[in-house]
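Remarks on the overall topology
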Amino acid sequence: MDLISKYKPEELPPALTSFVKDRGKYDYLHHCEVGSDNAEFVTTKLSTASASSGPVDEHRKKLDRLRKAGVTQFNIYLMSGDEEKTLDVYQHKILPHYRH
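The rules behind these values
- Residues numbered from 1 in each chain as written.
- Predicted model: local features only at pLDDT ≥ 70, side-chain atom pairs only at ≥ 80, totals over all residues.
- Heavy atoms only, no water.
- Salt bridge = Lys/Arg side-chain N within 4 Å of Asp/Glu carboxyl O.
- Helix = DSSP H or I, 4+ residues; strand = E, 2+ residues; numbered from the N terminus.
- Buried < 20%, exposed > 50% of the residue type's maximum accessible area, 1.4 Å probe, protein only.
- pLDDT = per-residue confidence, 0-100.
- Contact = heavy atoms within 4.5 Å.

**Some points on the pattern of salt bridges**
For the structure shown, the criterion picks out 1 salt bridge. Here Glu58 ties to Lys61 by a salt bridge, and the two come within 3.7 Å at their closest N and O atoms. With a gap of 3 residues between them, Glu58 and Lys61 both fall in helix α4 (residues 56-68), about one helical turn apart. Note on Glu58: relative accessible area 38%, which makes it partly exposed.

See below:
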């Protein structure tokens, strides 16, 4: 939604703009709530395409694919219950892989 509000639709990939148009009653303010009515919009396909889980190598592979596609930023949603551990893993095992 942030991209769509900042750029002209013709400057964005049609797959993104059409996907967002088809979101129905999706409420971004409740984006990360467990049990939210938004759950039907966030499909397994969407989660697999946009999220990363598993061992360090899986996170690196996902970030490598995103980087090759032109992505320059990503978010870490700290909602797993192991927030400090997640940050520690990213700090010591994932992010150093990308420092040049």
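**Some words on the confidence of the model for the protein**
Within the protein, residue pLDDT values average 81, and 84% of them lie at 70 or more. The lowest-confidence element of the protein is helix α2 (residues 14-21), averaging 75 in pLDDT; the highest-confidence one is helix α5 (residues 83-94), averaging 94.

**Examining the side chain of His59**
Looking at where His59 falls in the secondary structure, it is placed in helix α4. With residues up to four places along the chain from it excluded, the contact list for His59 reads Ser52, Ser53, Gly54, Tyr90 and Ile94.

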